[in-house]
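Residue-level listing of the chains:
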Amino acid sequence: MKKQNLIHAEGLVTESLPNGMFRVLTDNGCQILTHISGRIRRNYVRILPGDRVKVELSAYDLTKGRIIYRLSNKS
């Protein structure tokens, strides 16, 4: 997949699913099924429901994506 065809969005993890899959609610209200990128999996970054994440989506299917970064909580 080329870098030009990716769409970046931020959202909130709402549900944790088996095999590193998560359901994310983006800031614009879309529900996305996402999986963890290899870099996050390799560095053992823990993602829990309630975390804010940065997601990249394919331009062809906007309902599936990849979590590429866990954002720090402001609270």
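Here's what I pulled together on the structure shown here. (Residues numbered from 1 in each chain as written. Predicted model: local features only at pLDDT ≥ 70, side-chain atom pairs only at ≥ 80, totals over all residues. Heavy atoms only, no water.)

Here's the deal with the pattern of salt bridges
Point 1. Across all of its chains, the model carries five salt bridges by this definition.
Point 2. Here R52 makes a salt bridge to D27, at a shortest N to O gap of 3.3 Å. Pair noted here: R52 is in strand β4 (residues 52-58) and D27 is in the loop between β2 (21-26) and β3 (31-36), with a separation of 25 residues, a long-range link.
Point 3. Residue class for R52 comes out partly exposed when judged on its relative accessible area of 27%.
Point 4. Salt-bridge contacts for R66 lead to E56; the nearest nitrogen and oxygen are separated by 2.3 Å. One end of the pair, R66, is in strand β5 (residues 64-70); the other, E56, is in strand β4, with 10 residues separating them in the sequence.
Point 5. For E56, a relative accessible area of 9% corresponds to the buried category. (Salt bridge = Lys/Arg side-chain N within 4 Å of Asp/Glu carboxyl O. Helix = DSSP H or I, 4+ residues; strand = E, 2+ residues; numbered from the N terminus. Buried < 20%, exposed > 50% of the residue type's maximum accessible area, 1.4 Å probe, protein only.)

A closer look at unusual backbone geometry
Point 1. Its identity is not glycine, yet N19 carries a phi of approximately 60 degrees, on the positive side.
Point 2. Within the secondary structure, N19 is located in the loop between β1 (6-17) and β2.
Point 3. Positive phi values are uncommon outside glycine, yet Y44 reaches one of about 55 degrees.
Point 4. The residue Y44 is located in the loop between α1 (38-42) and β4 in this model.

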